[in-house]
Amino acid sequence: MKQNATMVDVDGTGCPATTKASDLCCKSLAINGINGHVEAMERKEGKNEKGVRSPEEREAMLTGDVKPLQSRVYCTRFMILIVFSLYSMVNAFQWIQYSIISNIFSTFYQVSYEQVDWLSVVYMLVYVPLIFPAAWLLDKKGLRIVALLGSGLNCIGAWLKIASVRRDLFGVTMFAQTVCSIAQIFILGLPSRVASVWFGPKEVSTACASAVLGNQLGVALGFLLPPILVPNTPEDLDLMANNISILFYGTAAIATLLFILVVAVFKDKPPLPPSHSQAMLLDNPDEYSYKQSIVNLFKSVPFVLLLLSYGILTGSYYSVGTLLNQMIIAHYEGQELNAGRIGLTLVVSGMVGSILSGFWVDRTKAYKQTTLAVYIISFIGMLVFTFTLDLGHIEVVFVTAGVLGFFMTGYLPLGFEFGVEITYPESEGTSSGLLNASAQLFGIVFTLAQGKLKADYNAFTGNIFLCSWIFVGIILTVFIKTDLRRQQANLAATAQLAERDSLERVSTSQSELHAPEETTI
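So, here is what we can say about the structure in this document.

So, how was this worked out
Residues numbered from 1 in each chain as written. Predicted model: local features only at pLDDT ≥ 70, side-chain atom pairs only at ≥ 80, totals over all residues. Heavy atoms only, no water. Helix = DSSP H or I, 4+ residues; strand = E, 2+ residues; numbered from the N terminus. Buried < 20%, exposed > 50% of the residue type's maximum accessible area, 1.4 Å probe, protein only. Contact = heavy atoms within 4.5 Å. Patch = residues over 30% accessible without salt bridge, like charges linked within 9 Å, V, L, I, M, F, W, Y side chains within 5 Å. Areas by Shrake-Rupley, 256 points an atom, 1.4 Å probe, with all protein chains shown as cover. Salt bridge = Lys/Arg side-chain N within 4 Å of Asp/Glu carboxyl O. Polar contact = N/O pair within 3.5 Å; in protein donor to acceptor, adjacent residues only side chain to side chain. Disulfide = S-S within 2.5 Å. Phe/Tyr/Trp six-rings, centres within 6.5 Å; stacked < 30°, edge-to-face > 60°.

### Notes on the environment of Gly 410
Part 1: Along the chain, Gly 410 falls in the loop between helix 16 (394–408) and helix 17 (411–423).
Part 2: Residue Gly 410 is classed as buried on the basis of its relative accessible area of 2%.
Part 3: With near-sequence residues (within four places) excluded, Gly 410 lies in contact with Gly 350, Gly 353, Ser 354, Ser 357 and Gly 405.

Here you go:
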């Protein structure tokens, strides 16, 4: 493979490599970016008072006496992305496989709807207290260890479910689902980290969207396959048990294969970073503090606003997905299969929305505008879904669910990448972990509250409850200040590379001008 490495000054300012100034300059460059040019904020020596480079500095740049930053993308990144997306898919499938046929599992295990709902809520409940140690582990041990834990626990949980296929073993299936929910902690926060560590600046948002896509595909299959594999047969519970076993065995086999693939191909990071911003972070590894990173994130007003708004919309999505079966069969009795298809429509349209939004922000970098537009249209879509659910025409529900999913699910990768942009150089795993924790918290509250409102009143009341909160999220998004720090860092490094090339051309021209003419004898 042809190496396409880009060489840039370590600080982009021409600071001599033999001083400590280069480290300080690099840190300033990563945080402040450029606005026409880069100003180094911490410097012990280098430029003069007017900010003009001295002849010694120019000479250092031209003679290569400064430590270069190198970046390169590797074909391995696509294999990493595919394997991650697939085991994330299986974990998401296991989250929703109970809820979409909640009436069947309620009958089989002889439990209430509320108890079946907890098989979904446990995913959200376990995530919140464990995300902090999981994020710390990601930052300290890297992608490979976290990927092994996520895929391994996912595999174990899937096999435990096989042992729970008996009417008096609801506790065992709850324990197995809890193991899968712990696996999720090592999965949900990885898309932005995988994208940043392995993909270049022009493809990072698309890569993040693709990583989230795997999770959404799992939810889509979770809506589609369980109603097909486990039809409602209350008159033949032995057949129901056999069908549930088929569902669980298939899931366990696939989870095992993917764990083996993770062991074989997953790596922490490439030999060289894929972008200048990643190279800058790697150049100062000892400066990172997990505790300080958490403090910095909570001191950032734009991130706190994003934390709340992301939690509201994503939590609403979790609630709708969990209660979809109950909402549909309340108005369309005996339509379990169509309830799954409606869920499939919601998620597949969201997958398309995720990819398109990733392409769009990769090219425009309009994170704030895109996020706000998606949020507003999601609110409108939720209103339309709410007011058309009980019209008696199930084909209308397919259409409204598709529109709602396109924007609501398409928001997921947007929130991740927007968070990384406005918090750079903080760790992607930490910011993504906090965003997911917020989503899980809101998901728990919304699922329980909407379920209670549906039981005490009707599905319409529960949906209006979600609509009111989504409107609050729109207001919060309006006040998020756009400060794309990662993009500024990449632009800064590119500008410094261009300046170095310009100086090299000037030096070459001067050398040719003063060179003695050849004498012909």
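That was the structure; now back to the text.
### Let's talk about a nonpolar patch on the surface
Part 1: A contiguous nonpolar patch, built from Leu 225, Ile 228, Leu 229, Ile 246 and Leu 337 and spanning about 390 Å² of accessible area, is present on the exposed surface.
Part 2: The element that contributes the greatest number of residues to the nonpolar patch is helix 9 (residues 204–229), accounting for 3 residues.

### Points about the environment of Thr 386
Part 1: For Thr 386, the position within the fold is in helix 15 (residues 367–388).
Part 2: In sequence terms Thr 386 and Asn 463 are 77 residues apart; their C-alpha atoms lie 5.9 Å from each other.
Part 3: Apart from residues lying up to four places away in sequence, Thr 386 is in contact with Phe 460, Asn 463, Ile 464 and Cys 467.
Part 4: There is a polar contact of 2.7 Å between the side chain of Thr 386 and the backbone oxygen of Met 382.

### Things to note about the side chain of Thr 447
Part 1: Here Thr 447 is to be found in helix 18 (residues 428–456).
Part 2: For Thr 447, a relative accessible area of 2% puts it in the buried group.
Part 3: Residues contacting Thr 447, with those up to four places away along its chain left out, are Val 121, Met 124, Tyr 318, Ser 319, Thr 322 and Leu 323.

### Focus: the state of the cysteines
Part 1: As enumerated under the stated definition, the model contains 0 disulfides in all.
Part 2: Unpaired in this structure, Cys 155 has its nearest cysteine sulfur neighbour in Cys 180, at a distance of 9.6 Å.
Part 3: Residue Cys 180 is classed as buried on the basis of its relative accessible area, which comes to 0%.

### What about helix 8 (residues 190–198)?
Part 1: With 9 of 9 residues buried, helix 8 is to be regarded as a mostly interior element.
Part 2: For helix 8, the set of buried residues is Leu 190, Pro 191, Ser 192, Arg 193, Val 194, Ala 195, Ser 196, Val 197 and Trp 198.

### Comments concerning the packing of aromatic side chains
Part 1: Considering all chains together, one arrives at 19 aromatic pairs under this definition.
Part 2: Pairing Trp 95 with Tyr 318 gives two aromatic rings, centres 5.6 Å apart and planes at 70°, and the pair type is edge-to-face. Separated by 223 residues along the polypeptide, Trp 95 in helix 3 (residues 76–96) and Tyr 318 in helix 13 (residues 301–331) bring together distant segments of the chain. Each member of the pair, Trp 95 together with Tyr 318, is buried.
Part 3: Geometrically, the ring pair formed by Phe 406 and Phe 407 is edge-to-face, given 4.8 Å between the ring centres and 75° between the ring planes.
Part 4: Looking at Phe 406, the relative accessible area reads 27%, which means it is partly exposed.
Part 5: Here a set of aromatic residues connected by ring pairs shows up, and it is made of Tyr 98, Phe 105, Phe 108, Tyr 109, Phe 170 and Phe 248.

The values are spatial; any link to function lies outside them.
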